[in-house]
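Overview (structure and organization)
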Amino acid sequence: MLSSTAALGLAKQLMVAREGERPRLERLLSYRRTGVGPSGVFSSGTIAGLPADMPREVRQLAKVSRVNLLRYVVSSRVQDMYVEGFQTPDSPEDVPSWGVWQANGLDARQIGVHRSALTFGSSYVVVLPGSPAPVLRGVSPRDMTVLYRSDDVWPVAALWRTGSAGWRLLDDTHVYEFAGSDGDSLRFLASFEHGAEFTPVVRFRDTNDLDVDVEGVVEPLNDLQDQINVTSFGLHVAQHYGAFRQRYILGWVADSEAEALKTGASKMMMFEDTDVTIGEFGQTDLRGYIESREATIRHLATVSQTPVHELMGQMINLSAEALEAAKASHHAAVEENRVAVGESWEQVLRLASELGGDGVVDDSASVIWRDTTMRSLGEAADALGLLTEKLGVPPKALWSRIPGASQHEIELWTRLAEEPGAFDNLMSILERQSSPTPVAASE
């Protein structure tokens, strides 16, 4: 256990590291965010290099030139990442620690953990003792700074911002609570044991790399997002100022503004002076801007392994098989994310099992991911039927492959199938309902 002075010193040290990380994290969030951020800077759409004396009209065009696609790149991955079970290979039942998942509402809260991991390259889940179950909370790296040594499985310490002026420092034995808005005003409040053998913070990463720092999905795509914004700005300026034909008159000046407006709106203009010349400027061709933006969006889709039809909106006469073929690269990217994130969830649930008194979880237990592959029920039934008929795969082993079947439904089917005489009981009930016993006539 650290003394209050040592804990305060370590917290201040991590605050310094936090300030170093903040600019990158805020910039990545601005690329994913839509609208105006807390600082008033327009997110993912500021056109760099605009002169200070730029007319307000042009600045407004720059403001609406934001075509934020990175949020959809992240969402397309997150929406294919739903954990719905934690099982061992030899049992269709979830291990006891799955109850901790349900008690903490992680069916929904997992989305935030995945979204932060993909956006920033990392996110965290804190596991603390609680009643009746351990408390699991996802934390953005914007609110947590973590210190690792040579072992990157469990951190040495973690500083967690729990409010505008609340902080928690976690190490391998205790949780230390502080109050204060920054390092200078930070003051120690209290501490308590968390009961784990390690610092109870699990890091989630979107992938794993031994040579390059994991940076998430957003950062490598920043330049492409900027290109799309700049091209959209050029398109809007050309559209606003040059897309319509403009006429000019040489040798004549209107006597008043009203006369000039009337002339501009007239279908026919007549002048007595023979030296007056009337002409018009050619309109700006916008196709180059549009094609350039579409080419960059296709490049973005390729680099990010996002289905191009989801970013371009082009879905003409595409069958379910064609859509799945178009998403093959996307599925491969999601599978990589699932492998990395799945290991972290297993680490969380094993620690939660120990803190909750459920004992050590079998090392073979793994999280079960929802099947988000696009298939119709009829197509799936035909395919699964062939596996059973031709290859002899047990039908029960294929229930998880049925589109739309939740883990709870599969568990219910398993229990019903194991009941003695379940099928015979069902048939007898149906037979009684179809042929009711006649009531004897009263005397």
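Quantities reported herein were computed from a predicted structural model and do not represent experimental measurements.

Quick word on the packing of helix H3 (residues 70-78) against helix H5 (residues 106-120)
Between H3 and H5, the shortest axis-to-axis distance is 10 Å and the interhelical angle comes to 130°. Taken together, the axis directions place H3 and H5 in an arrangement best described as oblique. Here H3 and H5 pass one another in a crossing that is right-handed. For the pair H3 and H5, the contacting residues are Val74, Ser75, Arg77 and Val78 in the first and Ile111, His114, Arg115, Leu118 and Thr119 in the second. Among the residues making up the contact of H3 with H5, the classes are represented as 4 nonpolar, 3 polar and 2 charged.

A few points about the packing of aromatic side chains
Scanning the entire structure with this criterion turns up 5 aromatic pairs. Between Trp101 and Trp345 the ring centres are 4.8 Å apart and the planes differ by 65°, which places this aromatic pair in the edge-to-face class. Here Trp345 lies in helix H11 (residues 328-355) and Trp101 lies in helix H4 (residues 98-103), a separation of 244 residues in the sequence. The burial state of Trp101 is the same as that of Trp345; both residues are buried. Across from the ring centre of Tyr82, 4.8 Å away, lies the NZ or CZ of Arg370, which sits over that ring.

Section: the sheet that holds strand E5 (residues 157-161)
Strand order in the open sheet made by the 5 strands is E4-E5-E6-E7-E8, with antiparallel pairing throughout. Edge positions in the open sheet fall to strand E4 (144-147) and strand E8 (187-193), since each of these has one partner strand only. On average, each strand axis in the sheet is inclined to that of its neighbour by 15°, with strand direction left out of account. Contacts from helix H1 (residues 4-32) reach E4, E5, strand E6 (166-170), strand E7 (174-179) and E8, with the element oriented near 70° to E5.

A closer look at the sheet that holds strand E9 (residues 201-204)
Read from one edge of the open sheet, 3 strands run E3-E2-E9, paired in antiparallel fashion. Of all strands in the sheet, those bounded by a partner on one side alone are strand E3 (135-139) and E9. With strand direction ignored, the average angle separating the axes of adjacent strands in the sheet is 20°. In this structure, strand E2 (residues 123-128) lies alongside E9, joined through 4 bridges in antiparallel fashion. Pairing of Ser123 across the sheet is with Phe204, part of E9. The sheet contacts of H11 involve E2, E3 and E9, and relative to E9 the element is tilted by about 165°.

About the cut-offs
Position numbers for residues start from 1 in each chain and track the written sequence from start to end. Where totals are concerned, whole chains, interfaces and linings use all residues; where local detail is concerned, this predicted model gives features only for residues with pLDDT of at least 70, and gives and counts side-chain atom pairs only at 80 or more. The basis for every side-chain value is the complete set of heavy atoms in the structure, and neither hydrogens nor water enter the calculation. Angles here are taken between N-to-C directions and fall from 0 to 180 degrees, while the axes themselves are lines fitted to C-alpha atoms, restricted in helices to the stretch in contact. Helix and strand assignments follow DSSP, with helices taken as H or I runs no shorter than four residues and strands as E runs no shorter than two, numbered in order from the N terminus. Any angle between 65 and 115 degrees counts as roughly perpendicular, while under 35 counts as roughly parallel, over 145 as roughly antiparallel, and the rest as oblique. Crossings are assigned a handedness: left-handed for a near helix turned anticlockwise from the far helix by less than a right angle, right-handed for a clockwise turn. Any two residues whose heavy atoms approach within 4.5 Å are treated as being in contact. All residues other than Ala, Val, Leu, Ile, Met, Phe, Trp, Tyr, Cys, Pro, Asp, Glu, Lys and Arg, Gly among them, are scored as polar; the first ten of these are nonpolar and the last four charged. Under the pairing criterion, centres of Phe, Tyr and Trp rings, with the six-membered ring standing for Trp, must be within 6.5 Å; the plane angle then separates stacked pairs below 30 degrees from edge-to-face pairs above 60, leaving the rest tilted. For every residue, the accessible area (1.4 Å probe, protein chains only) is compared with the maximum for its type, and the residue is labelled buried under 20%, exposed over 50%, or partly exposed between those bounds. Whether a charge lies above a ring is judged from NZ of Lys or CZ of Arg, which has to be within 6 Å of the ring centre and within 35 degrees of the ring normal. Between any two strands, pairing holds if DSSP finds at least two bridges.

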